[in-house]
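# Coordinate inspection notes
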Number of protein chains: 2
Amino acid sequence: MSKISKALDHAEKHCKVSGTRLTEKRKHVLTGLLKSQKALSAYELADFYRNEFNESVPPMSVYRILAFLESENLVHKLHLANKYVACSHISCDHAHEVPQFLICDECSAVKEIGIKKTLIDTLKRNVAQAGYLLKSPQLELHCLCQDCAKQPA
Amino acid sequence: MSKISKALDHAEKHCKVSGTRLTEKRKHVLTGLLKSQKALSAYELADFYRNEFNESVPPMSVYRILAFLESENLVHKLHLANKYVACSHISCDHAHEVPQFLICDECSAVKEIGIKKTLIDTLKRNVAQAGYLLKSPQLELHCLCQDCAKQPA
DNA sequence: TAAGACATGATATATCGTATCATTAACTTT
DNA sequence: AAAGTTAATGATACGATATATCATGTCTTA
Ligand SMILES: [Zn+2]
Ligand SMILES: [Zn+2]
Ligand SMILES: [Zn+2]
Ligand SMILES: [Zn+2]
């Protein structure tokens, strides 16, 4: 069983438990993200969908579907890149924590990592000292992936 | 001498040293950011400019001017908000470090803070462990400012 | 003053995103 | 099964952010 169908399987179960519906279209959008292995914009996903499934989907529907998938923690939005990625932990059983992302500025590759809680706590203290309240500790960092770091830009 | 004219004065000197020109328009755009005390988009700045100086500027020029000001470290772009802020350290003499920003999601207030180097180093190590290269340690964090944290959203 | 560099204006277009209303599909209740 | 209700999707319009390109203007300097 491929990684992707395994993830879809988990997503299915997840939705059943949460009492929501993983429709065909939603499954297809998620498949697109899983296959692409990088961050895609809603419009890029609509294109992918059209090519992959020989069926066109209005970008507006993609937005709605992404919002749904995000609310189920199956997908994450990268606010820095205005793109979306499939969660790396769909097939994991543990509860989902606040995600941290490394985004390759060259090729949009994304790595979802766990950052030590102590580091986040330190960050929170830093923010509090400045009189602000940290709303979301989701970090998104401008990076280069291994491949892009090697090559001459 | 007001804080703003002091900052403009410093900006002027800074540009003289770096051999660049702080033209009237560029000065006005910077003034807009200094006055606003919050992050503004290029288009918002164009509006501000029109009202403040009774002279219209095409948004495209604002973009170019912002790019210039950013290259001189007089202005920073917030990629998370797609807005721009005047640097808080224009009037400082020390060299400019990589900035970190706390952005109020409610009112666009922005605080430019210095985050301890040790924390950044830890972060860098985390990223390296994941096989990525941290391109810019500029952090932008979703926050609430003091005012907005108090009020019922 | 003529040449070159730099700055700005003007226009078109790409990209990301929201708002709104209509239509269709699915689930619920009788 | 039929009717009623809710959820999902389609369709259209529009707004905001951003880039690309070519034309025009302004400053500097020889
Ligand atoms: Zn995740
Ligand atoms: Zn890359
Ligand atoms: Zn600064
Ligand atoms: Zn605020």
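Computed from a prediction, not measured in an experiment: that's the story for all the values here.

### Things to note about the coordination of the zinc ion (ligand 3)
Residue and element names in this part refer to chain B.
- Distances from the zinc ion (ligand 3) to its protein donors, His76 (NE2), Cys87 (SG), His96 (NE2) and Glu112 (OE), fall at 2.0 to 2.2 Å.
- For the zinc ion (ligand 3), the 4 donor atoms are set out with angles of 99 to 132° between them, so the coordination reads as tetrahedral.
- Read in sequence order, the donor residues coordinating the zinc ion (ligand 3) give the pattern H-x10-C-x8-H-x15-E. Residue His76 is located in strand 1 (residues 75-78), and its partner His96 is located in the loop between strand 2 (83-86) and strand 3 (100-104); the two are separated by 20 residues in the primary sequence.
- Given a relative accessible area of 4%, His76 falls into the buried group.

### Let's talk about the sheet that holds strand 5 (residues 133-136) of chain A
- Strand order across the open sheet formed by 4 strands is 5(A)-6(B)-3(B)-4(B), with mixed pairing between neighbours. Each end of this open sheet is capped by a strand with a single partner; those strands are strand 5 of chain A together with strand 4 (110-113) of chain B. For this sheet, the mean angle separating the axes of adjacent strands, direction not counted, is 40°.
- By the bridge criterion, 4 bridges tie strand 3 of chain B to strand 6 (residues 140-144) of chain B in an arrangement that is parallel. Bridge pairing links B:Cys104 to B:Cys143 in strand 6 of chain B.

### Description of the protein's contact with DNA strand C
- Inspection of the region around DNA strand C gives 17 residues, with A:Arg21, A:Met60, B:Thr23, B:Ser61 and B:Arg64 positioned closest.
- Close to the protein, within 4 Å, the atoms of DNA strand C are drawn from sugar and phosphate at a rate of 60%.
- Contacts to DNA strand C include A:Asn82, whose side-chain N or O atom sits 2.9 Å from a phosphate oxygen.
- Here B:Lys25 contributes a side-chain N or O atom positioned 2.8 Å from a phosphate oxygen of DNA strand C.
- When residues of the surface near DNA strand C are assigned to their parent elements, the largest contribution, 4 residues, is made by helix 4 (residues 59-71) of chain B.

### Section: the coordination of the zinc ion (ligand 2)
Residues and elements named next belong to chain A.
- Here the zinc ion (ligand 2) is held by Cys104 (SG), Cys107 (SG), Cys145 (SG) and Cys148 (SG), and the distances to it run 2.2 to 2.3 Å.
- For the zinc ion (ligand 2), the 4 donor atoms in the first shell make angles of 105 to 115° at the metal, a pattern classed as tetrahedral.
- In primary sequence terms, the donor set of the zinc ion (ligand 2) follows C-x2-C-x37-C-x2-C. One end of the pair, Cys107, is in the loop between strand 3 (100-104) and strand 4 (110-113); the other, Cys148, is in helix 6 (residues 146-150), and 41 residues separate them in sequence.
- Taking relative accessible area as the criterion, Cys148 reaches 17% and is therefore assigned buried.

### Focus on the interface of chain A and chain B
- Across the boundary between the two partners, chain A contributes 33 residues, which contact 34 residues of chain B.
- For chain A, the biggest contributors to the area lost against chain B are A:Tyr132, A:Lys135 and A:His142; these three give 21% of the whole.
- Taken together, the connections running from chain A to chain B amount to 2 salt bridges.
- At the level of secondary structure, the elements contributing two or more residues to the side of chain A that touches chain B comprise strand 3, strand 4, helix 5 (117-129), strand 5, strand 6 (140-144) and helix 6 of chain A.
- For the side of chain A that touches chain B, the element with the most residues is helix 5 of chain A, which contributes 5 residues.
- When the residues that make up the side of chain A that touches chain B are grouped by side-chain class, the tally is 20 nonpolar, 9 polar and 4 charged.
- Taken together, the 3 bridges between strand 6 of chain A and strand 5 (residues 133-136) of chain B define a ladder with antiparallel strand orientation. Paired with A:Leu144 across the strands is B:Leu133, a residue of strand 5 of chain B.

Here is what the cut-offs are and how they apply
- Residues numbered from 1 in each chain as written.
- Chains lettered and ligands numbered in written order.
- Predicted model: local features only at pLDDT ≥ 70, side-chain atom pairs only at ≥ 80, totals over all residues.
- Heavy atoms only, no water.
- Donors = N, O, S within 2.8 Å, 3.2 Å for Na, K, Ca; no water.
- Tetrahedral: all angles 85-135°; square planar, octahedral: opposite > 155°, others 65-115°.
- Helix = DSSP H or I, 4+ residues; strand = E, 2+ residues; numbered from the N terminus.
- Buried < 20%, exposed > 50% of the residue type's maximum accessible area, 1.4 Å probe, protein only.
- Pairing = 2+ DSSP bridges.
- Axes fitted to C-alpha atoms, helices over the stretch in contact; angles between N-to-C directions.
- Near = heavy atom within 4 Å.
- Polar contact = N/O pair within 3.5 Å; in protein donor to acceptor, adjacent residues only side chain to side chain.
- Contact = heavy atoms within 4.5 Å.
- Buried area = accessible area lost by both parts, 1.4 Å probe.
- Salt bridge = Lys/Arg side-chain N within 4 Å of Asp/Glu carboxyl O.
- Nonpolar A, V, L, I, M, F, W, Y, C, P; charged D, E, K, R; others polar.

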